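# What the coordinates show
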Amino acid sequence: MIRKSKIELSSPEYWRSLEQLADDPEFRSYLENEFPSTAPALDAPLDRRRMLALMGASFAFAGLAACRRPVEHIVPYVDAPENIVPGIPKHYATTMPDGLTGYGLLVESHEGRPTKIEGNEQHPSTRGASHPHHQAAILSLYDPDRSHDVLHNGQVSDWEAFKTAWQQWSESFAPDGGLGMAVLSTSFSSPTLHRLAEAFKARLPDALWATYDAVSEENRVKGLKLATNQDLQYRPRLENARVVLALDCDFLGLEPDSVSNARGWAEGRQVSAPQDDMSRLYAAESVLSLTGSNADHRLPLKSGQIGALAAALASELAAQGVAVEVPPNASASAVEGMTDDTFLKSAVSDLVSAGRQGLVLCGRNQPPQVHALVYAINQALGANGSTVEYYPLQDAYASDIDSLKQMAAAVEDGSVDTLIILGGNPVYNAPRDLRFSRLMEPLTTVHVADRVDETSILADWHIPLAHFLESWGDVRTSSGELSITQPLIEPLYGAVSMAQVMGLMADDQDLPGYQRVRQTWGPLLQGQGDEETEWRRTLHDGILAADPPAPVNPPYVSGAAGEMPVAVSQSDREMELVLVPSYGVGDGSGANNAWLQELPDPVTKLVWDNAAILSPATAEELGVEKGDNVLLKHEGGVVELPAWIQPGQADGSVTVALGYGRSRSGRVGDGVGRNAYLLKHSQSPDFGPNLIVENTPRRSQLVSTQDHGSMEGRHIVQWGTLEEFRQHPEFAETHTPQTQLYPEHDYSKSPQWGMVIDLNLCTGCNACVTACQSENNVPVVGKTQVSHGREMHWIRIDRYFGGPTSNPSGAFQPMPCQHCENAPCEQVCPVAATVHDSEGVNVMVYNRCIGTRYCSNNCPYKVRRFNFFNYTQQRPEVAKMAANPDVTVRSRGVMEKCSFCLQRISAGKKQAKREGRSLRDGDVITACQQSCPTGAIVFGDITDPQSRVSQAKTQPRNYILLGELNNRPRNSYLARLRHPHPDLEAKRNEAMEAPPEPAHEEAPAHGAPASHGGGGA
């Protein structure tokens, strides 16, 4: 029996890519070749150099050499560590610093070896969830390309020699108060580092200090300073918001605190019954982001036009009676030619109605004046203190590009001869016009970094910087909480912490990082009780137990925003350059982390590369097809990049991801992608007009993981509007299981495991993908093998579009193994390598698998992965430390897939047995479920009517994939809901009824599909 909707839903026809819309014959031919095994196993053999490079780096960390623990030399304990039981992991709280904030984490350690990172439930920055960068930090810890030695003029030296050199410098600079010395640091928010930096400046007051991050909060900090005359941090409280307008602000993806933002946003989108309400999200942005993909309404707009839109927003709010100060140049005419006013009027109507439950967010790429105006708008709405909170910026040094320019000018005029660079990589990522490598030539330079990178190779001294999991430190988060960074392992290569380096600079004493932190925390713990007790409590919890700081709500300074910057790029025919950090490698610091390189971009699904992202209309106007190389020229910088044609990209705007094109990151990251920092200018570091795009006759292969497979008209991802759900709660199509012709398995005995994924909450952030990779020792295969559809991720996130290519709606669908009770894979396996256990889990017996791949051919969901090569061979010894010892490692020639984290199920059962009780809901949490910031994934015993998973399966939005095949999957999905404004939805439906847009046909590179991936249902 099929349950169908009684109405025609407003959901558009779904599609995955422009190739699918074009229905190109070559794409269709590749699509029908559904299983990638037809590509010859050795059609693109890896040469020895590339194989050794990939295998020898962090790329292949996800495994051991055999199915047991790595062979290690046994050294007996002389004094056995307290509370260590071999085989039972310990968990420690720590904090990962990140610019002006930090993220509370819980790290699993096996006999002193960190192996897995989770969010700390007690920490407000993560609330138990995590980000892909948090998960991948384990891989970076064991990166063999990290620096092993102190270097002096390229020769191996030691820390003692550097201490002697520093003491000589400090003595020589002291009489002149440090005149002639400059320090360049990255931004930080740390009581200990702030104390030491202030001590250094007090000791050498005439030394210059500059702070610079390639990707920073500078615009927001300066904007809030303009608006309030105070140095502030901000923290959105999206759980309190009914209406959100994001102005070039990817708060679900690239903005700071995206984990807590996603959790708050999800709380406003929870829908269990038709009477429930949900928040509404508007987004205006240049590049289709995670936030824009999840928006109910999205306006593609150049980044240079966002200021004009913000000014028009203030003007329209004032016209509606909201007491907001309107910029002098605000008018409806400021947005003429950008769009009609329906989007603006609808957003204003909703914001006025929501009042203090409304929220306007501004992205960090926007100039300070726009941030100041957004502060004024939120204050007028009553949102400040309700849906967004502000906290004093304490213990922090914030990035300021002006300080970098002042330091560069001082070097140019000869007033600086010694430069200390604390972290960062300015030779690689400083604005091109500053020519930082040339600035370093006449100077005596010291660079503190985790590897000999593009800056260290030019420095006189290189000091190895310890990983945060090897270091003592502390962090003050964006909402003011104090947290401890405690190490879980001794520095692998004798590196030193930043506290140790800055302590030496402050007082010439070489004290351990622990002692520096304790000196700072002595006064902080006063009045909290016994100092040692409170210190241990803070280490245990990961956060100071004292009352959190109170938010502040200073009044808006009249006239602070001034006139909005209206860029020349407001013209539709003017090309604009937009530089954004990569979802994977960030600003480039993650370039040598292969988990991040192979993690598909959540929107483009590109791996191992960056590209010049163009809209279909802009690409057609320029005569560019996907994979064509184009020259981008901006403010004297020139970079050649392959073009990627992205639905939803603003016309006339070209977006490039930063973080690629490294030359000294390590054997994994070197030479991957192109260096977009060559286009970065100090006058327009984030976006700017006057971009020139020139075609070239060259092409490049871009590899995407999205297009292998098609829904073929099947209802894989299902969505509707909130109003449709209220009128017809069971709009999601599902099927009643059919009667079997042969005896069925008895699945009545508890527990019976199952999963529900709420598509209304999934943002597509990829945290589950990386968490699964870390938990289950999933290997990385490299760009060439991904191009053949051989990526090994056990869970993927399929991205779907609906609507016109110029501005489609988006949906994300995580796709693990469905654990079918009537599994088609089991029916065709000739050796019974894939079977069902008594608890309903589809398991793999690796020792039986002979690699026929019949199971993958017969799987309609394409979730099974085959090891074409032995990706776990030839790793350095340090690489073995990254593996989870509770999960076997697959060699070559076996099929692998999601196992519902059987090792966690087993651990949960053992714990319950030790405590003399039965399993409870929540005793078993899968890796993907634990990492999910929005709680979209629910797992548990489906025979327990009180379990969260059972209750989720009773919701009317619940449906299973391809139920007509009678596979009886244990997984199910909750259909996605949109909450559109009636006026905008009416215009959208009118546009959908109009004749379809001509699809932009794109030729695959060199007669082969330029992009495809590992399968879709």
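What counts, and where the lines are drawn
- Residues numbered from 1 in each chain as written.
- Predicted model: local features only at pLDDT ≥ 70, side-chain atom pairs only at ≥ 80, totals over all residues.
- Heavy atoms only, no water.
- Helix = DSSP H or I, 4+ residues; strand = E, 2+ residues; numbered from the N terminus.
- Buried < 20%, exposed > 50% of the residue type's maximum accessible area, 1.4 Å probe, protein only.
- Contact = heavy atoms within 4.5 Å.
- Areas by Shrake-Rupley, 256 points an atom, 1.4 Å probe, with all protein chains shown as cover.
- Pairing = 2+ DSSP bridges.
- Phe/Tyr/Trp six-rings, centres within 6.5 Å; stacked < 30°, edge-to-face > 60°.
- Lys NZ or Arg CZ within 6 Å of the ring centre and 35° of its normal.
- pLDDT = per-residue confidence, 0-100.
- Polar contact = N/O pair within 3.5 Å; in protein donor to acceptor, adjacent residues only side chain to side chain.
- Axes fitted to C-alpha atoms, helices over the stretch in contact; angles between N-to-C directions.

Of regular secondary structure, the protein possesses 29 helices and 42 strands. Across the 1017 residues in the protein, those meeting the buried criterion constitute 64%. Within the protein, contacts between residues separated by at least 24 positions form 77% of all contacts whose residues are at least 6 apart in sequence. Approximately 36,700 Å² of the protein is accessible, and the part contributed by carbon and sulfur atoms is 50%.

Right, let's get into the pairing of strand β12 (residues 243-247). Most of β12 is tucked away, with five of its five residues classed as buried. Side chains of β12 alternate between two faces, with Val243, Leu245 and Leu247 and Val244 and Ala246 buried alike. In this sheet, strand β13 (residues 280-285) lies alongside β12 in parallel orientation, the contact comprising five bridges. Residue pairing for β13: Ala246 is matched across the bridge by Ala283. One ladder, built from five bridges, connects β12 with strand β15 (residues 358-362); its direction is parallel. Bridging across to β15, Val244 finds its partner in Leu359.

Turning our eyes to something else, we now look at helix α18 (residues 531-541). If you check which residues of α18 are buried, you get Glu534, Trp535, Thr538, Leu539 and Asp541. One or two steps after α18, the chain reaches Gly542, where phi turns positive at roughly 85°.

What the rule picks out here adds up to 19 aromatic pairs. Members of the aromatic cluster, connected to one another through ring pairs, are Trp159, Phe162, Trp166, Trp169 and Trp461. When the ring centre of Tyr428 is taken as origin, the NZ or CZ atom of Arg662, which lies over that ring, is 4.9 Å away. The aromatic ring of Phe866 is capped on one face by Arg853, whose charged end is 5.0 Å from the ring centroid.

Moving on to the sheet that holds strand β27 (residues 653-657). Strand pairing in a sheet relies on backbone hydrogen bonds, with the paired strands running either antiparallel or parallel. The seven strands lie next to each other as β28-β23-β27-β24-β26-β25-β29, forming an open sheet whose pairing is mixed. Edge positions in the sheet fall to β28 (687-688) and β29 (692-699), since each has one partner strand and no second. Alignment of strand β25 (residues 628-634) against strand β26 (residues 637-645), held across six bridges, turns out to be antiparallel. Pairing of Leu632 across the sheet is with Val639, part of β26.

Chain-level pLDDT for the protein is 85 on average; 86% of the residues reach the 70-or-more range. Low pLDDT (under 50) marks residues 1-12, which in the prediction has 37 contacts with non-local residues, meaning those over four places away or in another chain.

Note the cis peptide between Ser750 and Pro751, where omega equals 0°. Assignment of secondary structure puts Pro751 in the loop between β31 (734-735) and β32 (753-758). Positive phi values are uncommon outside glycine, yet Glu111 reaches one of about 50°. Of the residues examined, Glu111 reaches a relative accessible area of 31% and is grouped as partly exposed.

What follows concerns the environment of Ser700. Examined against the element boundaries, Ser700 turns out to sit in the loop between β29 and β30 (719-721). Assessed through its relative accessible area of 12%, Ser700 is described here as buried. C-alpha separation for the pair Ser700 and Pro642, spaced 58 residues apart in sequence, amounts to 5.9 Å. Engagement of the side chain of Ser700 in a polar contact is seen with the side chain of Asn629, the distance being 2.8 Å. A polar side-chain atom of Ser700 sits 3.0 Å from a polar atom in the side chain of Arg674.

If you trace the four strands from one edge of the open sheet to the other, you get β14-β13-β12-β15, paired in parallel fashion. Only two strands of the sheet have a single neighbouring strand rather than two, namely β14 (297-300) and β15. The mean angle between the axes of side-by-side strands here comes to 10°, regardless of whether they run parallel or antiparallel. The strands touched by helix α10 (residues 306-319) within the sheet are β12, β13, β14 and β15, with β12 carrying the most contacts at an inclination of about 145°. The strands that helix α12 (residues 368-381) touches are β12 and β15; relative to β15, the one it contacts most, it runs at about 175°.

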